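Structure assessment
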Amino acid sequence: FQPAWFPSVVCSSFVLDAFSHSNSRFYPTVAKNLAKFTAETLNVHEDDTGICFSYSPIDNSRVFNASLFAARILARAIEFDESNSNMYQSLATRACDYVISRQNSDGSWVYGEADHWQWSDNLHTGFVLETLNSISEILNTDNYNEAIEKGLEYYRNNLFEKDWTAKYFNNSKYPLDPHSTAQGAITFMELNRFGQDHIQSVENILQTGIADLWDIKRQGFIFQRSSAHAKKMIYLRWNQGWMFKAITKYLGASE
């Protein structure tokens, strides 16, 4: 529901990923400017548990993975913006505190705080776990380890089938989706420090995803597959892009 070409914190975070992972000489400048965008433009909900950033400058949504993407932008900018580093660290920490305070007793998170967002899915749980982990590493803190470990256990036991097929929701296998498959593989690779050798699990996730979703004739991953039929559109970003990222990351790790 955002206007065309309008900024969101999720897309902004992915852009910063690209500059970071490519070792671009522009990374410090982009990090500083995106931190300014995050701190000065996004709306912020605040209570005694912390803060939650909005998805974009024109809404007041409280979506947990989106707020953590904002926190990661701020955490990454700390080393490049000395005059704002303390503020950015405080904002990032309080955003993490807020999301952790919303973790359910079984280790799960719902998507967000609106009444129609009270569901738990594979993709966004993976985003929460991966982002909490990367913020922990940037800030050099183990304060979030307990929440991550609890969330990871829930993720493994409730959002994948026994053969490691990535479920879409915690209570539904379908629709099978390349983005859930890819993010599942990425999440387990990123969280390998939590005492598990996840490479075999990642291989199983990718193998089941390829078997279910690869269109051999068109050489691409289809959008989704339900129990009854398939949506055979091939999208560049959510399907091809994410599976490309996951497979190449896996190949690099397995080497």
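Up top is the structure these notes are about.
Remember, it's a predicted structure, so these values are computed and weren't measured experimentally. (Residues numbered from 1 in each chain as written. Predicted model: local features only at pLDDT ≥ 70, side-chain atom pairs only at ≥ 80, totals over all residues. Heavy atoms only, no water.)

In this structure, the largest pocket spans a volume of roughly 470 Å³. Lining the largest pocket are 21 residues, and of these Tyr55, Tyr111, Leu123, His124 and Trp238 sit closest to its centre. Mapped by element, the contributors of at least two residues to the lining of the largest pocket are α1 (9–21), α5 (122–139), α7 (178–190) and α9 (236–254). Considering every element that reaches the lining of the largest pocket, the biggest residue donor is α5, with 3 residues. (1 Å grid on protein atoms, 1.4 Å probe; cavity = no way out; pocket = protein on both sides within 12 Å on 5 of 7 lines; lining within 4 Å. Points joined across faces, edges and corners; volume = space filled by probe spheres on them. Helix = DSSP H or I, 4+ residues; strand = E, 2+ residues; numbered from the N terminus.)

Its 18 residues give α5 an end-to-end C-alpha distance of 26 Å, which sits within 8% of 26 Å, the value for a rise of 1.5 Å per residue. In terms of burial, α5 is largely enclosed, as 16 of its 18 residues are buried. Put simply, aspartate 121 is the residue that caps the front of α5, since its side-chain oxygen is 3.0 Å from the backbone nitrogen of leucine 123. Downstream of α5 by one or two residues, asparagine 140 has phi in the positive range, about 55°. (Expected span 1.5 Å × (residues − 1). Buried < 20%, exposed > 50% of the residue type's maximum accessible area, 1.4 Å probe, protein only. Polar contact = N/O pair within 3.5 Å; in protein donor to acceptor, adjacent residues only side chain to side chain.)

Between tyrosine 174 and proline 175 the backbone carries a cis peptide bond, its omega angle lying at 0°. One can find proline 175 in the loop between α6 (145–158) and α7. Of note in this structure, tryptophan 5 is not a glycine but carries a positive phi near 70°. Here tryptophan 5 shows up in the segment before α1. A relative accessible area of 89% means that tryptophan 5 is categorised as exposed. Of note, tryptophan 164 is a non-glycine position whose phi angle comes to about 75°, a positive value. On the basis of relative accessible area, tryptophan 164 is assigned to the buried category, the value being 15%.

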